Amino acid sequence: MPAGDVQDLQSRSQRRPDAGAAPALIAPGQTFRSITDQICGFILTRKSPLLWWAALAFGMLLSLNLLTVVTLILYRGVGLYGIQIPVAWGFAITNFVWWIGIGHAGTLISAFLLLMNQGWRNSINRFAEAMTIFAVMCAGMFPIMHLGRPWIFYWLIPYPNTMTVQPQFRSPLVWDIFAVSTYFTVSLLFWYLGMIPDLATLRDKAKSRWAQRFYGIACWGWRGASRHWRLHETASLLLAGLATPLVLSVHTVVSFDFTISILPGWHSTIFPPYFVAGAIFSGFAMVLVLAIPIRSVYHLDNLLTERHLNNCAKLMLATGLIVAYTYALEPFTSWYSGDTFEMFMVHNRATGPYAWAFWGVIACNVAIPQLLWRRSFRVRPKRLFFVSIVILYGMWLERYMIIVTALHRDFLPSSWANFVATVTDNALLYGSIGLFVLLFALFVRFLPMISMYEVRELLPFPSPAGGSKK
Amino acid sequence: MSGRPYGILAEFGGPSELLHAAEQLRGRRYSAMEVYTPYPMEEIEDIIPAKNSLPAMVFAGGLVGAITAWTMQTYIAIWDFPINVGGRPLYSWPSFIVILFELTVLFAAITAFAGCLSLASLPRPHHPVFNVDRFKAATQDGFFLCVEARDPLFDARRTREAIEELDPAGVWELQE
């Protein structure tokens, strides 16, 4: 190549992607070394902050509670739940839909925003993906714990067996098994693949023999060769391309659990997009609920800037408006259908015994998120944290409302009954929150919570004084 | 260590210096080169080209997943365990679409992960470049280039001189 091309290459290497936008994304004055030291420091050198210990203790206590409750349910059976006909689905399915929805924002950030070339995702994608994996783990537990005999849940998976029976492939419950397990596997592979270069950094930064071995094995002997990077980039893009339709399919399949039935309030074509939008809505709320304390405790304001909070809040507002639109559309379609049962369901939902849930949903998911139109609620951490918590609660309540209000008044008035949650129901929900907090605390302590190599891509390299010259 | 030369490793001050050096060595007809960087540098692909068969592998993996899902569901629903639901056809393919999609994605994703590592010849916990203590910087802020001994033009003395002309921050001779 002639010298002119070399010049061109050099100038291209100076113009790192998003170099112009770097000041807003990453605070000025950051170098490769400072970023690496900062993120590795959480794991290798620094003592953990008090809030981390508090989160660990909280998570461990509630996880112990979860173990106890699960043991009790395995021993005594699902009669410990508040469910009874006609409300056969109670907290367990509510929690399942809630948790799996939370996971969606992580995949959206890691996969969809990667395909869209959104550089700002680079410093939040790692822990958003971790959130996805832990949320799906919590979610996956509930359908199993909701089975009459949880220990034979594997009968839902087709395999040659001596009973000569097979699952029913026309059932959305079987689709669900495939959708959720595929989602978990693909998210895990994507997360781990993205972490390999950072695990190699930890291997090279680690001082203790134990840590060197652990991270050395976990990074598969990564050495940053261009051949490796090329394959890594290709695999990441392909996984992102696969995960993007997957994330839309998962909550669609979850919504099929409802829509394939003939129940008023469930049997509706609006459900798949409604569920997906709600999932992303609650997922971004969880991303912010995790990011805001981590940002302040670990002093990550240089990497998680106002712009990240602002962007997440805007996405939350946008998906929240889609959710609000479907809330408005539901009464319209039931009125337009002219179906007595449909219209009764809408009326009963707003005025019946669960009216508090309906109006709570409207307040939490429609009214309060409108605060996000104001910039101060998008960039001031405490205010944004408050709105996010409200949305998380509202989205849980929404799933509770969908399940219970549709079931408690079925076609036969003689079988009408109300649902009252028991101690077991509550303990299982709080236990799953504890498990999530515990897993997340361990993740923050032992794995790089911010993708170092992707943050490096956003940084201009101040050559030749970048600190690498001896 | 067998004492056979593996190649000559050099560190450069930054990404542009590294690209410049790779370009110069390429101009001298060295072909067996590899660079080691702390983040993916797309620019290097023009200098060190390599074919990438991962997309084709992933496509094949997805295809295998789709065929598996369709075959499994059709076989079970029609022959292995037919269920008559109100006289509806046994081959009710629209209800097979969901699992067909899921298994396509699952097989393709597993192929992408396993293919990436196997094409990169990983896991490989030991490698000649790891013998250089300074190489630890390659995963942090160091930019390295290695001319490998399998290059037909490789000559321990002359290659080293060629690299030293390019103002590296350090040069090391590697042995297998």
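Residues numbered from 1 in each chain as written. Chains lettered and ligands numbered in written order. Predicted model: local features only at pLDDT ≥ 70, side-chain atom pairs only at ≥ 80, totals over all residues.

Colleague: Help me understand the overall build of chain A in this model?
Modeller: Assigned secondary structure in chain A consists of 17 helices and 0 strands. In summary, chain A has a C-alpha radius of gyration of 24 Å against a globular reference of 23 Å for 470 residues, a match within 12%. Projecting the C-alpha coordinates of chain A onto the three principal axes gives extents of approximately 85 × 55 × 45 Å. Expressed as a percentage of its 470 residues, the buried residues of chain A come to 50%. Excluding contacts between residues fewer than 6 apart, the proportion of contacts in chain A whose partners are at least 24 apart in sequence is 82%. (Helix = DSSP H or I, 4+ residues; strand = E, 2+ residues; numbered from the N terminus. Rg over C-alpha atoms; globule rule 2.2 N^0.38 Å. Buried ≥ 20, exposed ≤ 12 C-beta atoms within 10 Å, placed from the backbone. Contact = placed C-beta atoms within 7 Å.)

Colleague: Would you take a moment to explain the overall build of chain B for this structure?
Modeller: The secondary structure content of chain B amounts to 5 helices and 4 strands. Sequence-ordered secondary structure for chain B, helices as α and strands as β, is β-α-β-α-α-α-β-α-β. In terms of C-alpha radius of gyration, chain B reaches 25 Å, well past the compact-globule figure of 16 Å for 176 residues. The dimensions of chain B, computed from C-alpha atoms along their principal axes, are 85 × 35 × 30 Å. For chain B, the residues scored as buried account for 41% of the 176 residues in total. The long-range fraction of contacts in chain B, counting pairs at least 24 apart against all pairs at least 6 apart in sequence, stands at 83%.

Colleague: Can you walk me through the domain arrangement of chain B in this structure?
Modeller: Note: interface size is frequently given as the accessible area lost on complex formation between the parts. For chain B, the assigned domains read domain 1 (5–51 + 125–175) and domain 2 (54–119). Placing the centre of domain 1 of chain B and that of domain 2 of chain B at their C-alpha centroids yields a distance of 45 Å. (Domains from an automatic or database assignment.)

Colleague: Help me understand the interface of chain A and chain B, please; the structure alone is not making it clear to me.
Modeller: Of the residues lining the interface, 62 residues belong to chain A; the matching set on chain B comes to 68 residues. Only helix 1 (3–14), helix 3 (32–44), helix 7 (172–205), helix 9 (226–259) and helix 17 (452–458) of chain A provide two or more residues apiece to the side of chain A that touches chain B.

Colleague: How should the sheet that holds strand 1 (residues 5–12) of chain B be read in this particular structure?
Modeller: What holds strands together in a sheet is hydrogen bonding between their backbones, with the strands either parallel or antiparallel. All names here are of chain B. Read from one edge to the other, the open sheet built from 4 strands follows the order 2-3-1-4, with strand pairing classed as antiparallel. Either end of the sheet is taken by a strand with one partner, and the two such strands are strand 2 (33–36) and strand 4 (170–175). The average angle at which neighbouring strand axes cross in this sheet is 20 degrees, direction not considered. In this structure, strand 1 lies alongside strand 4, joined through 6 bridges in antiparallel fashion. Of the residues in strand 4, the one forming a bridge with glutamate 11 is glycine 170. Its contacts with the sheet put helix 1 (residues 15–27) on strand 1, strand 2 and strand 3 (143–148), and the angle it makes with strand 3 is roughly 15 degrees. (Pairing = 2+ DSSP bridges. Axes fitted to C-alpha atoms, helices over the stretch in contact; angles between N-to-C directions.)

Colleague: Quick question: what am I supposed to make of the pairing of strand 3 of chain B here?
Modeller: It is a general feature of regular strands that their side chains alternate between the two faces of the sheet. Residues and elements named next belong to chain B. In terms of residue burial, strand 3 counts as a mostly covered element, since 5 of its 6 residues are buried. Where strand 2 meets strand 3, 4 bridges bridge the pair, whose relative direction is antiparallel. Paired with valine 35 across the two strands is leucine 145, which belongs to strand 3.

Colleague: Sorry if this is basic, but what is going on with unusual backbone geometry here?
Modeller: Most of the time, phi is negative for any residue but glycine, and the peptide bond is trans. The peptide bond linking isoleucine 85 of chain A to proline 86 of chain A adopts the cis configuration, its omega dihedral lying at 10 degrees. Looking at the secondary structure, you find proline 86 of chain A in the loop between helix 4 (50–76) and helix 5 (91–115). The omega torsion of the bond from leucine 122 of chain B to proline 123 of chain B falls at 5 degrees, within 30 degrees of zero and hence cis. Among the structural elements, proline 123 of chain B can be located in the loop between helix 4 (97–119) and strand 3. Its identity is not glycine, yet arginine 29 of chain B carries a phi of approximately 70 degrees, on the positive side. Turning to its location among the elements, arginine 29 of chain B is positioned in the loop between helix 1 and strand 2.

Colleague: What exactly am I supposed to notice about the nonpolar core here?
Modeller: Nonpolar side chains in soluble globular proteins tend to be buried together. If you look at the biggest cluster of nonpolar residues, it comprises 192 residues, and the most contacted ones within it are Val186 and Val287 of chain A. The element best represented in this core is helix 7 of chain A, accounting for 17 residues. Both domains that furnish three or more residues to this core are identified here as domain 1 (5–51 + 125–175) and domain 2 (54–119) of chain B. If near-sequence neighbours (up to four positions away) are discounted, valine 287 of chain A is found in contact with Ala105, Ile124, Ala128, Met131 and Cys312 of chain A. (Core = buried A, V, L, I, M, F, W, Y, C linked by C-beta atoms within 7 Å.)

Colleague: Can you help me understand the packing of helix 7 of chain A against helix 4 of chain B in this one?
Modeller: Working note: a packed helix pair is described by the angle between its axes plus the distance between those axes. For the pair helix 7 of chain A and helix 4 of chain B, interaxial distance at closest approach is 9 Å and the crossing angle is 20 degrees. Taken together, the axes of helix 7 of chain A and helix 4 of chain B lie roughly parallel to each other. In this structure, helix 7 of chain A meets helix 4 of chain B at a crossing whose hand is left-handed. Listed contacts from helix 4 of chain B to Trp175, Phe178, Ala179, Thr182, Thr185, Val186, Leu189 and Leu193 of chain A of helix 7 of chain A are Val98, Ile99, Glu102, Leu103, Val105, Leu106, Ala109, Ile110, Phe113 and Cys116 of chain B. For the contact of helix 7 of chain A with helix 4 of chain B, the per-class residue count stands at 15 nonpolar, 2 polar and 1 charged. (Parallel < 35°, antiparallel > 145°, perpendicular 65-115°, else oblique. Left-handed = near helix turned anticlockwise from the far one by under 90°. Nonpolar A, V, L, I, M, F, W, Y, C, P; charged D, E, K, R; others polar.)

Colleague: I keep staring at helix 1 of chain B and nothing clicks. Help me out?
Modeller: Since the α-helix turns once every 3.6 residues, residues separated by three or four places project in the same direction. For helix 1 of chain B, spanning 13 residues, the distance from its first C-alpha to its last is 18 Å, which sits close to the expected 18 Å at 1.5 Å a residue. Downstream of helix 1 of chain B by one or two residues, arginine 29 of chain B has phi in the positive range, about 70 degrees. (Expected span 1.5 Å × (residues − 1).)

Colleague: How do you make sense of the packing of helix 9 of chain A against helix 10 (residues 271–297) of chain A when you look at a structure like this?
Modeller: Residue and element names in this part refer to chain A. Between helix 9 and helix 10, the shortest axis-to-axis distance is 8 Å and the interhelical angle comes to 125 degrees. By the angle between their directions, the pair helix 9 and helix 10 is classed as oblique. Where helix 9 crosses over helix 10, the handedness of that crossing is right-handed. Residue-level inspection shows Leu248, His251, Thr252, Val254, Ser255, Phe258 and Thr259 of helix 9 in contact with helix 10, the latter providing Phe271, Pro272, Phe275, Val276 and Ala279.

Colleague: I tried to follow the environment of glycine 41 of chain A on my own but got confused; where do I start?
Modeller: All names here are of chain A. Structurally, the position occupied by glycine 41 is in helix 3. Assessed through the 12 C-beta atoms surrounding it within 10 Å, glycine 41 is described here as exposed. Here the alpha-carbon distance between glycine 41 and valine 250, two residues 209 residues apart in the chain, equals 37 Å.

Colleague: Can you help me understand the confidence of the model for chain A in this one?
Modeller: Regions with low pLDDT carry predicted coordinates that are not meant to be interpreted in detail. All names here are of chain A. Summary statistics for chain A give a mean pLDDT of 87 and a share of 93% for residues scoring 70 or more. For chain A, helix 1 is the element with the lowest average pLDDT, namely 41, and helix 13 (residues 355–367) is the one with the highest, namely 95. Within the model, the stretch residues 1–23 combines pLDDT values under 50 with 31 contacts to residues more than four positions away or in other chains. Note on residues 463–470: pLDDT is under 50 here. Beyond four places in sequence and across chains, it has 28 contacts. (pLDDT = per-residue confidence, 0-100.)

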